[in-house]
Amino acid sequence: MSTYQPLLPKTSADFKGGDAAGVWIEETVKLFNDLGDNLEFDAGSYGEVNSIPSPWSRPLQLISAFRNRNYPNRDWLIAQYRGLLTTLALAENLKLKITATQVRLEEFQNNEFGKCVWKLRPKDADSILQMNPPKGPWSELYLFELDGAVIGMTSPATLVCPTGYLPSRLKNRVAWLEWKTFSLKKQTQELGFFVDPLQNGLASKHKDILSPWLGYLKGQVIDNQPLNSALAGAVAGVLQTYIDELGVTESSVYKPATNLMPFGISLGYKPLDSLYPAEAVAAKSHVEVIPAEGKTPSQKLYIRHSAGWQGIKNVQVV
């Protein structure tokens with residue numbers, strides 16, 4: 001019995017061939033688009049696509065994942081995207097000192113790598129900013145750092161882009177980080193990466209803060225007359241899906257951080273300034289007062305303070 005090996009990858013839909021062998025199908029552009037959208041991949045749950053020959057591979061992959069639901073590793077990329085967004089949104093509530101550093105690529109044209117990054121930058125059309133910087137949307141970026149480690153950067157196309165791997169010193173800083181051990185040059189190194197906060201330690205009280213923050217961010221993406229409305233719609237769709245999956249039923253008003261520049265500097269062009277964290281919500285705390293021997297009060301006595309335990313000092317009950 002003969003065995004046959006397929007010449008083309010598997011697709012999720014059948015494609016009709018030509019009327020006869022050797023006859024070309026005329027609608028080539030539509031056919032290739034349909035074929036690309038229906039290719040089936042099994043790239044694994046956690047894997048990076050490293051075949052894009054560009055220093056911009058991660059932001060380019062995110063753009064493709066937002067536009068194409070069948071993009072390989074789409075779920076994995078969006079999980080990391082959610083992880084970075086959630087970290088920025090809850091920075092004040094989690095007491096994370098996140099700083100931003102502006103990078104102007106035109107200032108790094110005196111070396112070959114800087115020239116390479118500039119010449120291979122994504123297309124200017126891939127921008128959802130309200131207004132592009134004078135040298136183009138990809139000429140000015142902001143790096144986000146936590147404890148001296150870069151955790152991501154701004155992206156004119158998708159608002160943010162998470163970094164690939166994080167150092168082990170961040171291990172206990174954020175719940176939605178996963179860790180793996182890698183062997184590099186006969187040495188083992190533990191590196192982390194963002195995962196979806198929904199399945200990795202996002203508390204209910206933080207969902208109540210995150211949901212309106214995402215809603216506000218989505219509104220700013222759509223309402224600020226983005227340069228690429230189609231791409232802005234794709235970003236808004238990813239944000240809305242996250243909001244829906246958070247499952248917060250009671251709507252609350254988004255409250256920005258009282259610090260006007262929580263990352264240390266302004267993030268420049270709209271809607272990037274909507275990435276500032278939500279206001280820190282003070283958790284109420286209380287302590288029950290135990291009566292002295294022989295005292296029988298008619299009801300229990302509690303001491304409450306909205307600022308938490310640090311607001312209670314030298315309390316004496318007699």
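Residues numbered from 1 in each chain as written. Predicted model: local features only at pLDDT ≥ 70, side-chain atom pairs only at ≥ 80, totals over all residues. Heavy atoms only, no water.

1. Regarding the overall build of the protein chain
At step 1: In terms of helices and strands, the protein chain carries six helices and eight strands.
At step 2: Traced from its N-terminal end to its C-terminal end, the protein chain shows the element sequence α-α-α-β-α-β-β-β-β-β-α-α-β-β.
At step 3: Evaluated residue by residue, the protein chain yields a buried proportion of 39% over its 318 residues.
At step 4: In the protein chain, the share of contacts with a sequence separation of at least 24, taken over all contacts with a separation of at least 6, comes to 63%.
At step 5: Per element, the accessible surface of the protein chain, about 19400 Å² overall, is 52% carbon and sulfur. (Helix = DSSP H or I, 4+ residues; strand = E, 2+ residues; numbered from the N terminus. Buried < 20%, exposed > 50% of the residue type's maximum accessible area, 1.4 Å probe, protein only. Contact = heavy atoms within 4.5 Å. Areas by Shrake-Rupley, 256 points an atom, 1.4 Å probe, with all protein chains shown as cover.)

2. Topic: helix α4 (residues 112-119)
At step 1: Turning to α4, its buried residues number three or more, namely Gly114, Val117 and Trp118. Angularly, the buried residues of α4 cover 100° about the axis, an arc narrow enough to put them on a single face. In this structure, α4 carries Glu112, Phe113 and Lys119 as exposed residues pointing more than 90 degrees from its buried face.
At step 2: You can read the cap of α4 off the contacts: a side-chain oxygen lies 3.2 Å from the backbone nitrogen of Phe113, and it is on Asn111. (Arc of directions from axis to C-beta. Polar contact = N/O pair within 3.5 Å; in protein donor to acceptor, adjacent residues only side chain to side chain.)

3. With respect to the packing of helix α5 (residues 204-223) against helix α6 (residues 229-246)
A pair of packed helices is captured by two measures, namely the crossing angle of their axes and the spacing between those axes.
At step 1: Running from N to C, α5 and α6 point in directions that differ by 165°, and their axes come no closer than 9 Å. Considering their axes alone, α5 and α6 lie roughly antiparallel with respect to each other. As for the relative orientation of α5 and α6, their crossing is left-handed in sense. Counted together, Lys207, Leu210, Ser211, Leu214, Gly215, Leu217, Lys218, Val221 and Ile222 of α5 and Ala232, Gly233, Val235, Ala236, Leu239, Gln240, Tyr242, Ile243 and Leu246 of α6 form the full contact between these two elements.
At step 2: Across the contact of α5 with α6, the residue classes break down as twelve nonpolar, four polar and two charged. (Axes fitted to C-alpha atoms, helices over the stretch in contact; angles between N-to-C directions. Parallel < 35°, antiparallel > 145°, perpendicular 65-115°, else oblique. Left-handed = near helix turned anticlockwise from the far one by under 90°. Nonpolar A, V, L, I, M, F, W, Y, C, P; charged D, E, K, R; others polar.)

4. Side note on the packing of aromatic side chains
At step 1: Enumeration according to the criterion identifies seven aromatic pairs in this entry.
At step 2: Seen from the ring of Trp118, Arg121 lies directly overhead, with NZ or CZ sitting 3.8 Å from the centre. (Phe/Tyr/Trp six-rings, centres within 6.5 Å; stacked < 30°, edge-to-face > 60°. Lys NZ or Arg CZ within 6 Å of the ring centre and 35° of its normal.)

5. What to know about the nonpolar core
At step 1: Residues Tyr81, Phe144, Leu159, Trp213 and Leu275 are the most contacted members of the largest nonpolar core, which totals 70 residues.
At step 2: Sorting elements by how many residues they give to this core places α6 first, with nine residues. (Core = buried A, V, L, I, M, F, W, Y, C linked by side-chain atoms within 4.5 Å.)

6. Regarding the packing of helix α3 (residues 74-89) against α6
At step 1: The N-to-C vectors of α3 and α6 enclose an angle of 75°; their axes lie 12 Å apart at closest approach. In this view, α3 runs roughly perpendicular relative to α6, as classed from their interaxial angle. Between α3 and α6, the contacting residues are Arg74, Ile78, Tyr81, Arg82, Leu85 and Thr86 on the first element and Val235, Val238, Leu239, Thr241, Tyr242 and Glu245 on the second.
At step 2: Class assignment of the residues belonging to the contact of α3 with α6 gives a composition of seven nonpolar, two polar and three charged.

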